[in-house]
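Here's the letter readout for the chains.
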Amino acid sequence: MLRRALQLGLGRGLLGRGLLGRGLGTHRGGSTLDQNGKVSEIKKKIQSVLPGGAWNPPYDTSYLPPEHSDVVIVGGGVIGLSVAYWLKRLEKPRGAIRVLVVERDHTYSQASTALSVGGIRQQFSVPENIQLSLFSVEFLRNINEYLAVVDDPPLDIQFNPSGYLLLASEKGAAVMESNVKVQRQEGAKVCLMSPEQLRNKFPWINTEGVALASYGMEYEGWFDPWCLLQGLRRKVQSMGVLFCHGEVTRFVSSSSHTETTSGEEVTLKRIHEVHVKIDRSLEYQPVECALVINAAGAWSGQIAELAGVGKGPPGTLQGTKLPVERRKRYVYLWHCPQGPGLETPFIVDASGAYFRREGLGNNYLGGCSPTEEEEPDPGNLEVDHDFFQDKVWPPLAQRVPAFETLKVRSAWAGYYDYNTFDQNGVVGPHPLVVNMYFATGFSGHGLQQAPAVGRAVAEMVLDGHFQTINLSPFHFSRFYLGEKVQEHNII
Amino acid sequence: MPVWNRGTRGIRGLSRAVALEGSQKKGRSLLQFLADRFYDVQALREYLLQKQVLKVHQKNRPFTYIKERFGPHAAGAYFILKQGGAVKFQGKEWIRSDAHGHFSLDFLKFQAVPVEAVDASGCAINYQGLDSLLALKELQSLWLQRCPHVDDWCLGRLHPLANSLQELSLAGCPRISERGLASLHHLRNLRRLDISDLPAVSNPGLTRILVEEMLPSCQVLGADWAQGLPSGPEEQSQDRASPIPA
């Protein structure tokens, strides 16, 4: 035993000396360099077998979206970014939800937001629209409290509080009065004016044919939509939302068959993966997700079709498509040296033509919505200048005689995500594709309702029901049930 | 724990850096360094920013008790005096708060005497605070010189005073631009308008001409419309001198 202990002791001592020696050897590079060299050789061999070195992946994948995301927002315009902002703001606890925004065009060259005229008003006929617009205006007023990023300069959205002036002929006067009543009930500050009062206030208007006018005194006007978009983008990035420059090409979903209480067979679908194809490449990344939010604006119809909305016999809920189409609208910028001055509100004539002041140099922006028969082809964004000559200029020149001499400086075209059913937005989940939420179809007033719609969708996603503004009249099922929520004051 | 310690060592530095805007470059770059790396520091900075905003909101709270008990004129006067401004009741002298912010509460006795003029120069009045002023239905003269939080939205809100307001001064307000001035056309009884020294107005000379056209019976002071025109020889500039003495 003693011998064993001695042996052990000697062995340990030797080992200790060996260890010590090895330790000293590593510091001083002594006789144990041999063992050290072996280890590094083995390391090098392993590195050469694995591609790209120890911890570097074989190639750069930073442009690809993540493989998993809780919420995927299709569309990075003002609605999509607003939903992302409110999701991140209302989530509990902080950082709980991973949000991915997929935007096909980072330059926003065809996005409705960037090409918008930028007006905001509360003069709608549907009470929900008025509430949405009121909250959005409050958001814009306090934009530097909502979208403040530490160390970044404050946002200036260049709001012009000049108000909207809607003119009505004899036919539309009664509707206008009832609309104003609803608007006043919701808290909008609108006043009705007779033609005489109109002439006193704005002497450059020709009031022939005008029976009644409604003028928004406060909280109406126009602002810079690009600034709002960039402000939202900056804030949303600082809150940790991921962006991906790509296009959604496919949804991978699973279906389950159930029976309703009345015994009918229903097929419920659930989207599991979103295939995002990278721009200018054939590469795509399947993103596993829990929810998809369709905020694709003018292209929402195509996204909905990809998800299987509307694939079924017509007349059933399965066969009801999302009735949102791309419609092209023209905007013209002209100069009129004798035109109306600084007090010009955003004027919407009874004929549908509208214009507003732009800047201080007697420039005006305006246009007109074409009738159903004259709808231009939405395939491209080319401008038709004859439309101005035939349809926009005559009613405006009749209304404002100074506009008889004007010179068109430039023009552009943009898309409306036009809801062919009732020209109001679609907000909320689809009844059959259970994890796809819509926030689209606003037909020209999406920009002015974006902050409020974003909050409503975030509430729906996080709490399951609307908390502040009740947008249940805007549910998808109204297309199947045929219940129109018609908005009369569409420009 | 080491993370939090690193943050707390700079707390006094944090509050100082937030108060002095950009004057201490070294302090701010340290702050930025910390905020970029530690969520705690970033959250703290955001919290301090929020506190500053809340301070302004607190200053602009409405005094509903005084309004119910003594009437809207007294409530408006109390609000202005609390902010550090001055009030003139009809037929009485100017009431000002002294250097310490104290003022006499005698005006609470004038129940139905309307407020005629308000001098809110330099006060931290904002959109919310205008509630108290808009209740003064017989206000004739309103001076909002150098108010840091009065912006275009506030100007859009002044229309309830259209019947009585005759004099308005907006000189030196950093946030007012020509877009807000466009909403002043509701004030049809306005006789004197001072829009001098507005840094956010892009073209002061042109703006003044447009405002004069918009309010024909109002005397517009401030931006000389010769500003912005190329300086010609001596005789020409004398001819172009402003017809209304500023």
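Check the entry above for the structure.
Residues numbered from 1 in each chain as written. Chains lettered and ligands numbered in written order. Predicted model: local features only at pLDDT ≥ 70, side-chain atom pairs only at ≥ 80, totals over all residues. Heavy atoms only, no water.

A.B. asks: A description of the interface of chain B and chain A should follow, citing residues and the corresponding values.
C.D. replies: On the side of chain A, 25 residues touch chain B, which itself brings 28 residues to the contact. Both faces considered, chain B and chain A share a buried interface measuring about 2,500 Å² in area, 60% of it formed by carbon and sulfur atoms. Interface area lost by chain B to chain A is led by B:Trp153, B:Arg179 and B:His185, which between them contribute 29%. Counting every contact that joins chain B to chain A gives 1 salt bridge. We note a salt bridge from A:Asp156 to B:Arg179, for which the minimum N-O separation is 3.7 Å. Across the chain B-chain A interface, the total number found is 4 residue pairs in polar contact (both at pLDDT 80 or more). Tallied by class, the residues present in the side of chain B that touches chain A amount to 9 nonpolar, 12 polar and 7 charged. (Contact = heavy atoms within 4.5 Å. Buried area = accessible area lost by both parts, 1.4 Å probe. Salt bridge = Lys/Arg side-chain N within 4 Å of Asp/Glu carboxyl O. Polar contact = N/O pair within 3.5 Å; in protein donor to acceptor, adjacent residues only side chain to side chain. Nonpolar A, V, L, I, M, F, W, Y, C, P; charged D, E, K, R; others polar.)

A.B. asks: Could you give an account of the sheet that holds strand E13 (residues 353-358) of chain A, with specific residues and numbers?
C.D. replies: Within a sheet, each strand pairs with its neighbour through backbone hydrogen bonds, oriented either parallel or antiparallel. Residue and element names in this part refer to chain A. Read from one edge to the other, the open sheet built from 8 strands follows the order E5-E6-E4-E12-E13-E14-E11-E15, with strand pairing classed as mixed. The outermost strands of the open sheet, each flanked by one partner alone, are strand E5 (190-193) and strand E15 (407-419). Neighbour to neighbour, the strand axes of the sheet diverge by 20 degrees on average, direction disregarded. Relative to strand E12 (residues 346-348), strand E4 (residues 164-168) runs parallel, the two being bridged by 3 bridges. Bridged to Leu-166 within E12 is Val-348. (Pairing = 2+ DSSP bridges. Helix = DSSP H or I, 4+ residues; strand = E, 2+ residues; numbered from the N terminus. Axes fitted to C-alpha atoms, helices over the stretch in contact; angles between N-to-C directions.)

A.B. asks: Break down the packing of aromatic side chains for me, with residues and values.
C.D. replies: Inspection of every chain in the model, using the stated rule, returns 34 aromatic pairs over all chains. Ring centres 5.4 Å apart and planes at 80 degrees place the aromatic pair A:Tyr85 and A:Trp86 in the edge-to-face group. Through a chain of ring-to-ring contacts, three or more aromatic side chains come together here, namely A:Tyr330, A:Tyr332, A:Trp334, A:Phe355, A:Tyr364, A:Phe387, A:Phe388, A:Trp393 and A:Phe403. In this arrangement the basic side chain of A:Arg329 is found over the ring face of A:Tyr416, its NZ or CZ atom lying 4.9 Å from the centre. Above the face of the B:Tyr127 ring, B:Arg157 is positioned so that its terminal group lies 4.5 Å from the ring centre. (Phe/Tyr/Trp six-rings, centres within 6.5 Å; stacked < 30°, edge-to-face > 60°. Lys NZ or Arg CZ within 6 Å of the ring centre and 35° of its normal.)

A.B. asks: Please set out the pairing of strand E9 (residues 265-278) of chain A residue by residue, giving values where relevant.
C.D. replies: Working note: regular strand, side chains alternate between the two faces of the sheet. All names here are of chain A. With 13 bridges joining them, strand E8 (residues 242-259) and E9 adopt antiparallel strand pairing. Paired with Ser-253 across the strands is Ile-271, a residue of E9. In sequence, E8 turns back onto E9 through a hairpin of 5 residues, with Gly-263 there showing a positive phi of about 90 degrees. Counted along the chain from E9 to the antiparallel partner strand E10 (residues 284-294), the turn is 5 residues long, and its residue Arg-280 has a positive phi close to 55 degrees.

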